[in-house]
Amino acid sequence: MTKKRLFIHVGAPKTGSSFLQSVFRERGEELKNYGILYPGIENREYIVTPNVDINGHLLTRIFRLCLVEEYLLKKGEVHSLVKSLFSFGFNKIFISDEILSVLPTLAIDIIKEVCAEEGITVVFFAYFRAPEKSYPSHWSQVIRKHGEKRGLIEFSKNRHLAIWQNLIDIVSHDEICHLFSYEKVIEKKAMLKSALGVLGVVSDSLFDGVDLNKQVNTALSIKALTALRYYQ
Amino acid sequence: MNDILTNSAVVDFSGKATLPNDIAEFVIEKHKNEYDLCMDISQKSKYLYNI
């Protein structure tokens, strides 16, 4: 019997996550031919049809709705969610949410514990980029999505992005983890290849026809620029 | 290039924002060790998948 594996792409934010997620959602049915399920979500429950890009957010949501002190109380919910992921007859499940890499790493520890107790091998993988690139990109995203009012310089000086230390913490355990430099895999083909490598899919024909030139999620929209100027 | 200055940060309409050099140095210094360690780890992945 094939051992159960849970592949979790944890980001980091602004490293091509949206691109990867959209491609795997689009090719989710083909991915099933390799024995891997990229599950979808309906009514806050996992379903077998890949219908959403960020399919890890049910897991993230458990932790985002509570304080760190309450994380351990959420272990039962994580158990239920992980069990539900493996209720579709697939032994390999792939979920993705970039926010997982910036949550306090106790969340990751709990996920690891739950998987160990369920006899599931968990495989984390993530991409990261240089701080001088990561900060501006992250800043522009929080302007656009969360109404950040601070300028880039103030944001960069005062906002601690727990990305790199979190990733180090994640890979500093016995579990299988892979880190990739975003700068090294910035070509979308290389990014897909690295993800397929993690999933253990040898053939890259899965992505035949994927538009590798399409622009996704540009760092700073005109809307964000307008908002920024308005607040100054 | 249609650059505008926003709080001294250079932002252009192609959708990219960059830190001024002095601030970039500050940010890099702050996270250098963590970033270097990530690079060390990622090199192994890079080798593994021959990217």
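Residues numbered from 1 in each chain as written. Chains lettered and ligands numbered in written order. Predicted model: local features only at pLDDT ≥ 70, side-chain atom pairs only at ≥ 80, totals over all residues. Heavy atoms only, no water.

Q: Even after reading the chapter, I still don't get the sheet that holds strand β7 (residues 176-181) of chain A, so can you show me in this structure?
A: As a general point, the strands of a sheet are linked pairwise by backbone hydrogen bonds and lie either parallel or antiparallel. Residue and element names in this part refer to chain A. One open sheet accounts for 5 strands, arranged β2-β5-β1-β6-β7; its pairing is parallel. Two strands close off the open sheet at either side, each with one partner strand: β2 (36-37) and β7. Inspection of the sheet shows β2 paired to strand β5 (residues 92-96) by 2 bridges, in the parallel sense. Across the sheet, Leu37 pairs through a bridge with Ile93, a residue of β5. Sheet strands in contact with helix α5 (residues 106-117) are β1 (5-9) and β6 (121-128), and its direction is about 150 degrees off that of β6. (Pairing = 2+ DSSP bridges. Helix = DSSP H or I, 4+ residues; strand = E, 2+ residues; numbered from the N terminus. Contact = heavy atoms within 4.5 Å. Axes fitted to C-alpha atoms, helices over the stretch in contact; angles between N-to-C directions.)

Q: Where do I start with the nonpolar core in this structure?
A: Side chains of nonpolar character tend, in soluble globular proteins, to be buried together. Core analysis: the biggest nonpolar cluster contains 60 residues, and A:Leu6, A:Ile8, A:Phe63, A:Val78, A:Ile111, A:Phe124 and A:Leu167 have the highest contact counts within it. Here this core gets 7 residues from one element, more than from any other, and that element is helix α1 (residues 21-49) of chain B. Beyond its immediate stretch of four places on either side in the chain, A:Ile111 contacts A:Ile8, A:Leu59, A:Phe63, A:Val78, A:Leu100 and A:Phe124. Listed in part, the 26 residues of the second largest apolar core include A:Ala195, A:Val201, A:Phe207 and A:Val210. (Core = buried A, V, L, I, M, F, W, Y, C linked by side-chain atoms within 4.5 Å. Buried < 20%, exposed > 50% of the residue type's maximum accessible area, 1.4 Å probe, protein only.)

Q: Looking at this model, I keep getting lost on the pairing of β6(A). Mind explaining?
A: All names here are of chain A. Within β6, 8 of the 8 residues are buried, which leaves the element mostly enclosed by the surrounding structure. Both faces of β6 are covered, namely the face carrying Thr121, Val123, Phe125 and Tyr127 and the face carrying Val122, Phe124, Ala126 and Phe128. Direction of pairing for β1 relative to β6: parallel, over a ladder of 5 bridges. The residue of β6 that forms the bridge with Arg5 is Thr121. With 6 bridges connecting them, β6 and β7 associate as parallel partners.

Q: For this particular structure, what's the right way to read helix α4 (residues 75-85) of chain A?
A: At 3.6 residues per turn, the α-helix brings residues three or four places apart onto the same side. Those residues of α4(A) lying buried are A:Lys75, A:Val78, A:His79, A:Leu81, A:Val82 and A:Leu85. Those residues of α4(A) hidden inside the fold are in contact with β1, β4 (45-47), α3 (57-64), β5 and α5 of chain A.

Q: Just checking my understanding: could you explain the pattern of salt bridges for this structure?
A: Pairing between side chains of opposite charge can happen when the charged atoms of each approach one another. Residues and elements named next belong to chain A. Counted according to the given criterion, the structure contains 6 salt bridges over all chains. One salt bridge connects Glu29 with Lys32, and the closest N-O pair in it is separated by 3.1 Å. Here Glu29 pairs with Lys32, and both are found in helix α2 (residues 28-32), just 3 residues apart, close to one helical turn. The partly exposed category is assigned to Glu29, whose relative accessible area is 42%. For Lys32, a relative accessible area of 18% corresponds to the buried category. Ionic contacts of the salt-bridge type, sharing partners, join the residues Lys75, Glu113 and Glu117 into one network. (Salt bridge = Lys/Arg side-chain N within 4 Å of Asp/Glu carboxyl O.)

Q: Which parts of the structure should I look at to understand unusual backbone geometry?
A: Residues apart from glycine generally show negative phi values, whereas peptide bonds are mostly found in trans. Residues and elements named next belong to chain A. Note that the residue after Gly11, namely Ala12, is joined by a cis bond; omega there is -5 degrees. You will see that Lys14, though not glycine, has its phi angle at about 65 degrees, which is positive. Counting through the fold element by element, Lys14 comes out in the loop between β1 and α1 (17-26). Located in the positive-phi region is Arg44, a residue other than glycine, with phi close to 60 degrees. Arg44 gets classed as exposed once you look at its relative accessible area, which sits at 59%.

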